[in-house]
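Residue strings, one per chain:
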Amino acid sequence: MSGLFARARYFARTSLRGIAATPGTAIVATATITVALVPVGAFGLIVLNMQALLARFGDAVQVTAFLADGLPEADRAKLLRQVRAIDGVAHAELISEAQALERFRGGVGQGFALVEGLGTNPLPASIEIALAGRYRTPADLSRVAATTAGLPGVADITSGADWVAGYVRALALVRGLAFGLGVIFVLATTLIVSNTIRLAVLSRRDELEILSLVGASRSFVNTPFMIEGLLQGAAAGALAWALLYALFRAGLPGVEAGLALVLGGVEPRFFDLGESAWLWGGGAGLGLLGSAIAVAAEARH
């Protein structure tokens, strides 16, 4: 146990001494990983908030069937039963003309006087249809809407299928961009970091040759460089997180105002602890990978 502790202490001390001896390469490696993580993290943040927005407003997406004028109460009740029997329908509610008018009154306030001036209620009765959670997809919304539209007594139908389909396509596009951007940045960053750390290896070649001559194994010689890359990557992950958080807080008022105008108020969120750990771990992983490539390349020479 004491031997393991002594070895770990040696590796830690050697790694920190190596970083202090070549601060330029350490700064370049850390900055490179940070630059790679910030745009990838920004796209990840966009995807997370788009998913949350879809989940929130997906609950409110429903199919509305407007009934034909003068449809008897018995036919309305029968139609409601038929709608409730459609696969995927979780809840269906009949809204009478009077209820629709009352809702309209509550929604427009003083503007209701314009409708009162008509003398008659222009709003039709309707059936509002909510789908079960796993059926809130564009395909199922369209299916339920088409099935409902074919029932006797339905004059018109509306659904959020087009909105959901368009939003899902946009979300898939952003995910694809984030993935593609991530792959490009990982490859570029790994190349730059490995070459940067290799400079640190070359600057200590004499020391490494002495260690090899006295019997040190290749893994013993390489471990401090691996730890250096890990530490630099972890520092870059923390720095990228801090930059993203600062940008998030700076841009939050404008984003909230825009969402409130369009969607009635949605609060964007930042990474939680687990998601932040992925960002930090990604930085550490990039640093470790770059170090591994650097020491492997140097070992071949």
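Residues numbered from 1 in each chain as written. Predicted model: local features only at pLDDT ≥ 70, side-chain atom pairs only at ≥ 80, totals over all residues. Heavy atoms only, no water.

When its secondary structure is counted, the protein shows 10 helices and four strands. Taken from N to C terminus, the helices and strands of the protein fall in the order α-α-β-α-β-α-α-β-α-β-α-α-α-α. Sequence-distant contacts in the protein: of pairs separated by 6 or more residues, those separated by 24 or more amount to 81%. When the accessible area of the protein is evaluated, it comes to approximately 16,500 Å², of which 67% is carbon and sulfur surface. (Helix = DSSP H or I, 4+ residues; strand = E, 2+ residues; numbered from the N terminus. Contact = heavy atoms within 4.5 Å. Areas by Shrake-Rupley, 256 points an atom, 1.4 Å probe, with all protein chains shown as cover.)

The next subject is the sheet that holds strand E4 (residues 154–158). Spatially, four strands are ordered E2-E3-E1-E4 in an open sheet, and the strand pairing comes out antiparallel. Edge strands, defined here as strands with exactly one partner in the open sheet, are strand E2 (89–95) and E4. Here the average twist between neighbouring strands, direction ignored, is 20°. Looking at chain direction, E2 and strand E3 (residues 126–131) are connected through six bridges and run antiparallel. Bridged to His91 within E3 is Ala130. (Pairing = 2+ DSSP bridges. Axes fitted to C-alpha atoms, helices over the stretch in contact; angles between N-to-C directions.)

This next bit is on helix H6 (residues 138–149). Because each turn of an α-helix spans 3.6 residues, side chains separated by three or four positions in sequence point in the same direction. With 12 residues, H6 extends 16 Å between its outermost C-alpha atoms, agreeing within 8% with the 16 Å of an ideal straight helix rising 1.5 Å per residue. Of the residues making up H6, those classed as buried are Asp140, Leu141, Val144, Ala145 and Thr148. End-on, the buried residues of H6 take up no more than an arc of 135°, which puts them together on one face. Every exposed residue of H6 that faces more than 90 degrees away from the buried side is listed here: Ala139 and Ala146. (Expected span 1.5 Å × (residues − 1). Buried < 20%, exposed > 50% of the residue type's maximum accessible area, 1.4 Å probe, protein only. Arc of directions from axis to C-beta.)

Looking at where Arg84 falls in the secondary structure, it is placed in helix H3 (residues 73–84). Distance in space between the C-alpha atoms of Arg84 and Ala130 is 9.7 Å, their sequence separation being 46 residues.

Another point: the pattern of salt bridges. Scanning all chains against the criterion turns up four salt bridges. Across the salt bridge formed by Glu73 and Arg76, the nearest N and O atoms sit 3.8 Å from each other. Taken together, the residues span about one helical turn, with Glu73 and Arg76 both in helix H3 at a distance of three residues. For Arg76, a relative accessible area of 6% translates into the label buried. Across the pair Arg143 and Asp140 runs a salt bridge, and its minimum N-O distance is 3.1 Å. Separated by three residues within a single helix, Arg143 and Asp140 lie in helix H6, roughly one turn from each other. The class of Arg143 is partly exposed, set by a relative accessible area of 29%. (Salt bridge = Lys/Arg side-chain N within 4 Å of Asp/Glu carboxyl O.)

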